[in-house]
Amino acid sequence: MAFRRRAKSHPLFSQEFLIHNHADIGFCLVLSVLIALMFEVTAKTAFMFILPQYNVSVPTADGELIQYHYGLKDAVTILFYFFIAIILHAVVQEYILDKINRRLHLSKIKHSKFNESGQMVAFHLTSVIWCLYVMVTEGYISNPRSLWENYPHVYLPFQVKFFYLCQLAYWLHALPELYFQKVRKEEIPRQLRCITLYLVHIAGAYLFNLTRLGLILLLLQYLAELFLHVSRLIYFTDESNEKVFNYWAVVFVVTKLFTLTLYILVIGFGLPRVENQALDPEKGNLFSFLFNNILFRMSVLLLVCLFQASVMWRFIHFQLRRWRVYWNEQSSRKRATGTNRQTKPFRRDWGYYENGVVKVENGISPRTRKVKFP
């Protein structure tokens, strides 16, 4: 009978112990919060971790509707789903990506890129479906005017607020994952820049009460990122599938055009028509009054346009470099085929063929040689 070899044990609370068991530690913390729900003394505190806070009853034509606004207690809820994201990250890595990597036998660099794209595909696919569901059920797609009407949108439906809290928790969890996944030093600045930009945009839309606009912009951004990482996964499995990046390029350009159009439509034309709003901390309106100032609106719009222009410039520069490499390879292949055609063909005028064997006119038969007929 063969016994299973025990995994190498690491000293308690050491660096290697934390890296190999960070998901188990997070699971224990989440489990302790769930167990606290069973006791009346701790149930109220446990609900603060699990459910969004700051719910209010808003009167409507059909009765009262429970909605939410943001506050400091949201940090506690984000912390709980921060550990949930760490657990889900480890589950996807261990039960899906690691099994695929064992079959592909990738190099160390491609292995890390494959893991990154695999995690991003799982997250972006879930976020696109979730975001699209929220927008359809709340009617943001059928009524584009709702993006700026009745601004600021201080009170949020449950699913909108929960979506933003989970998004913030995921991108915050990506920071310690750089350490847990032992990301190469060359890749850390790029990933830190990406995580910071997502956190700034999501937190900005949440705090400035631009959640409806933020949902559509996140949907467009995640859709382009989903095509990119799916293309990378296909390319890593078979490097001859370079044409899949052309589909991503088309989706990228279309989403960026829609993004810039929405920014101009909402901030440039929609918000100036809204009545001036005053500072009201009790309702959660802390920053929306800044959009009353035309100088602030134009500054935000200018920054957004400059950022989108820089993204498009890097994309165009990357595509031009990629096409230049492609055409250089094609021209080198044509020169190689042209050189092969200039070589002297096999001479057939010095003898004759009989049953595929070359023979000389004087009767002396040279070395037997097979001829490949067309």
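Reading guide: rules and limits
Residue indices follow the written sequence of each chain, beginning from 1 at its first position. Where local features are concerned, this predicted model is filtered to residues with pLDDT of at least 70; where side-chain atom pairs are given and counted, the filter is 80 or more; whole-chain, interface and lining totals use all residues. No hydrogens and no water enter the side-chain calculation; it runs on all heavy atoms of the structure. In this description a helix means any DSSP run of H or I spanning at least four residues, a strand means any run of E spanning at least two, and both kinds are numbered starting from the N terminus. Throughout, exposure labels follow a simple rule: accessible area from a 1.4 Å probe, protein chains only, divided by the maximum for the residue type, with under 20% read as buried, over 50% as exposed, and the rest as partly exposed. Residue contacts follow a heavy-atom distance rule, with two residues in contact if any of their heavy atoms lie within 4.5 Å. The protein chains shown are the only cover counted for residues, whose accessible areas, like all others here, come from Shrake-Rupley with a 1.4 Å probe. The rule for a salt bridge is simple: a side-chain nitrogen of Lys or Arg has to be within 4 Å of a carboxyl oxygen of Asp or Glu. Any two of the Phe, Tyr and Trp rings considered here, Trp counted by its six-membered ring, make a pair once their centres fall within 6.5 Å; the pair's planes then place it as stacked at under 30 degrees, edge-to-face at over 60, or tilted in between. Here, nonpolar core refers to any group of buried Ala, Val, Leu, Ile, Met, Phe, Trp, Tyr and Cys residues whose side-chain atoms link them within 4.5 Å. Two strands qualify as a pair provided DSSP detects at least 2 bridges between them. Scored from 0 to 100, pLDDT reflects the predictor's confidence in each residue. What a helix is expected to span follows from its residue count: subtract one and scale by 1.5 Å.

**Topic: the overall build of the chain**
For step 1, the next point in the chain: A tally of helices and strands in the chain yields nine helices and four strands.
For step 2, the next point in the chain: The proportion of buried residues among the 374 residues of the chain is 37%.
For step 3, the next point in the chain: Counting contacts in the chain only where the partners sit at least 6 residues apart, residues at least 24 apart contribute 67% of the total.
For step 4, the next point in the chain: If you sum the accessible surface of the chain, you get close to 24400 Å²; carbon and sulfur atoms cover 64% of it.

**A look at the pattern of salt bridges**
For step 1, the next point in the chain: Under the definition given, this model contains six salt bridges.
For step 2, the next point in the chain: The shortest N-O distance in the salt bridge between Lys182 and Glu16 comes to 3.6 Å. One end of the pair, Lys182, is in the loop between α5 (158-180) and α6 (188-207); the other, Glu16, is in helix α1 (residues 15-36), and 166 residues separate them in sequence.
For step 3, the next point in the chain: Two residues, Lys161 and Asp74, come together in a salt bridge whose shortest N-O distance is 3.0 Å. Residue Lys161 is found in helix α5, and its partner Asp74 is found in helix α3 (residues 74-104); the two are separated by 87 residues along the sequence. Exposure class is identical for Lys161 and Asp74. Each is buried.
For step 4, the next point in the chain: Overlapping salt bridges bring together Glu116, Arg184, Glu186, Glu187 and Arg190 as one network.

**Regarding the packing of aromatic side chains**
For step 1, the next point in the chain: Scanning the entire structure with this criterion turns up 23 aromatic pairs.
For step 2, the next point in the chain: With a centroid separation of 5.4 Å and an interplanar angle of 85°, the aromatic rings of Phe123 and Trp171 are classed as edge-to-face. Taken as a pair, Phe123 in helix α4 (residues 108-138) and Trp171 in helix α5 lie far apart in primary sequence, 48 residues in all.
For step 3, the next point in the chain: Residue class for Phe123 comes out buried when judged on its relative accessible area of 9%.
For step 4, the next point in the chain: Between Trp248 and Phe315 the ring centres are 5.5 Å apart and the planes differ by 75°, which places this aromatic pair in the edge-to-face class. Of this pair, Trp248 sits in helix α8 (residues 244-270) while Phe315 sits in helix α9 (residues 294-341), placing them 67 residues apart in sequence.

**As for the nonpolar core**
For step 1, the next point in the chain: By size, the foremost hydrophobic cluster in this structure holds 58 residues, and its most contacted members are Tyr164, Trp171, Leu215, Tyr222 and Leu271.
For step 2, the next point in the chain: At twelve residues, α5 tops the list of elements feeding residues into this core.
For step 3, the next point in the chain: Beyond its immediate sequence surroundings of up to four residues, Tyr222 is in contact with Phe123, His124, Ser127, Val128, Gln167, Trp171, Tyr198 and Ile202.
For step 4, the next point in the chain: Membership of the second largest hydrophobic core comes to nine residues, among which are Phe245, Ala249, Val311 and Phe315.

**What to know about the environment of Tyr133**
For step 1, the next point in the chain: In this fold, Tyr133 is placed in helix α4.
For step 2, the next point in the chain: Here the alpha-carbon distance between Tyr133 and Gln159, two residues 26 residues apart in the chain, equals 9.8 Å.

**What about the pairing of strand β2 (residues 63-68)?**
For step 1, the next point in the chain: Pairing between strand β1 (residues 55-60) and β2: six bridges, direction antiparallel. Across the sheet, residue Asn55 finds its bridge partner in β2, namely Tyr68.
For step 2, the next point in the chain: Linking β1 to β2, which pair antiparallel, is a turn of two residues.

**Focus on the confidence of the model for the chain**
For step 1, the next point in the chain: Considering every residue of the chain, the mean pLDDT works out to 83; 84% of them sit at 70 or more.
For step 2, the next point in the chain: Across the chain, the element-wise mean pLDDT spans from 46 in strand β3 (residues 351-354) up to 95 in α5.
For step 3, the next point in the chain: Below a pLDDT of 50 lies the segment residues 1-6, which in the model reaches zero contacts outside its immediate sequence neighbourhood of four places, other chains included.
For step 4, the next point in the chain: Counting interchain partners and residues more than four positions distant, the pLDDT-below-50 stretch residues 368-374 has twelve contacts.

**What to know about α1**
For step 1, the next point in the chain: For α1, with 22 residues, the first-to-last C-alpha span of 30 Å sits near the 32 Å given by 1.5 Å per residue.
For step 2, the next point in the chain: Among the residues of α1, Phe17, Ile19, His22, Ala23, Gly26, Val30, Val33 and Ala36 are the ones counted as buried.
For step 3, the next point in the chain: Of the surrounding secondary structure, the elements contacted by the buried residues of α1 are α2 (40-50), α3 and α5.

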